Structures are given as C-alpha cells and as structure tokens.
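Architecture at a glance
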Amino acid sequence: MSGITSDGLEPRRKKALFRAWHRGTKEMDFVMGRFADAHIATLSEADLVDFEHLLDVSDRELFAWVVGTEPVDPIHDRPVWRSMKAFTDANGT
C-alpha cells in the first residue's frame, strides 16, 4: 500500500491515491501508486483531472505506454502523463 498517509488530503485526492495503489496488477500499482505518493498532494486541479482519467485506462494499455511498446493515446499525452513517465523512468519503477 501507499508509503504516505492520506491524512490531510481532501477526499478526492484520497480516492485517487487509493485507486492508484489498487489497480489490479502489481506492476501498475507500483507505477501509479508511487507517482501518487510523490505528487498527489501537489497536483494542480487540471493535473488531478488528467490523473483521474489515467486511472480509468486499463492496466494493459497503461503498461504498454510505460514500457514503450505502444504509443500513448494522444488524449492522455498531457503534462501529468509526461511527469508520471519521467518519474517512472527516473525511479526505475
């Protein structure tokens, strides 16, 4: 589970944090969850909306984007996706 506490987070951010750590596959739990741990509290409103949309993408599709076997859907190629991808690349997730 999450390495941070959700104390002090607004309910919407708590829900996004929970969803990030409960994806369905361990690989995507680590990718989404670790990014959420590091950034959920400080995401702008627009980035939070985009992150919530990423949480709706299937694990298979997200994993393919993360490892680069498929191009990211242009609808999701937004700043929060690029931040998450850079975070994942930098942290070896």
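Rules used throughout
Residues numbered from 1 in each chain as written. Predicted model: local features only at pLDDT ≥ 70, side-chain atom pairs only at ≥ 80, totals over all residues. Heavy atoms only, no water. Core = buried A, V, L, I, M, F, W, Y, C linked by side-chain atoms within 4.5 Å. Buried < 20%, exposed > 50% of the residue type's maximum accessible area, 1.4 Å probe, protein only. Helix = DSSP H or I, 4+ residues; strand = E, 2+ residues; numbered from the N terminus. Axes fitted to C-alpha atoms, helices over the stretch in contact; angles between N-to-C directions. Left-handed = near helix turned anticlockwise from the far one by under 90°. Contact = heavy atoms within 4.5 Å. Nonpolar A, V, L, I, M, F, W, Y, C, P; charged D, E, K, R; others polar. Phe/Tyr/Trp six-rings, centres within 6.5 Å; stacked < 30°, edge-to-face > 60°. Salt bridge = Lys/Arg side-chain N within 4 Å of Asp/Glu carboxyl O.

Another point: the nonpolar core. By size, the foremost hydrophobic cluster in this structure holds 25 residues, and its most contacted members are Met32, Ile40, Phe51, Leu54, Leu62, Trp81 and Met84. Put simply, the parts of the chain that give this core at least two residues each are α1 (11-21), α2 (26-39), α3 (45-55), α4 (59-67) and α5 (79-91). In terms of residues, this core owes the most to one element, α2, which gives five residues.

As a further point, take the packing of α2 against α4. Viewed as axis vectors pointing N to C, α2 and α4 meet at an angle of 65°, and their least axial separation amounts to 10 Å. Crossing angle aside, the handedness with which α2 passes α4 is left-handed. Residues Glu27, Met28, Val31 and Met32 of α2 lie in contact with α4, whose contacting residues are Asp59, Leu62, Phe63 and Val66. Partitioning the contact of α2 with α4 into residue classes produces six nonpolar, no polar and two charged.

In this section: the packing of aromatic side chains. Applying the stated criterion across every chain, the model contains four aromatic pairs. Ring geometry for tryptophan 21 versus phenylalanine 30: centroids 6.1 Å apart, planes at 90°, classification edge-to-face. A residue is classified by how much of its surface remains accessible, and tryptophan 21, at 9% relative accessible area, is buried. The partly exposed category is assigned to phenylalanine 30, whose relative accessible area is 43%. Taken together through their ring pairs, the aromatic side chains of Phe35, Phe51 and Phe87 make up a single cluster.

Oppositely charged side chains may form a pair once their charged atoms are brought near each other. Summed over the entire model, instances satisfying the criterion amount to nine salt bridges. Note that glutamate 52 is salt-bridged to arginine 12, the shortest N-O span being 2.8 Å. Here the residue glutamate 52 occupies a position in helix α3, and arginine 12 occupies one in helix α1, the gap between them amounting to 40 residues. In this structure, arginine 82 and aspartate 77 form a salt bridge, with 3.0 Å as the shortest nitrogen-oxygen distance. By relative accessible area, which is 36% here, aspartate 77 ends up partly exposed. Salt bridges linked by common partners bring Arg12, Glu45 and Glu52 together as one network.

Our next topic: the environment of glutamate 27. With respect to the helices and strands, glutamate 27 occurs in helix α2. In this structure glutamate 27 comes out as partly exposed when scored by relative accessible area, which is 47%. C-alpha of glutamate 27 to C-alpha of phenylalanine 63: the two residues are 36 residues apart in sequence and 7.9 Å apart in space.

Now for the side chain of histidine 76. With respect to the secondary-structure elements, histidine 76 resides in the loop between α4 and α5. When residues no more than four places from it in sequence are discounted, the contact partners of histidine 76 are His53, Leu54, Val57, Trp65 and Trp81.

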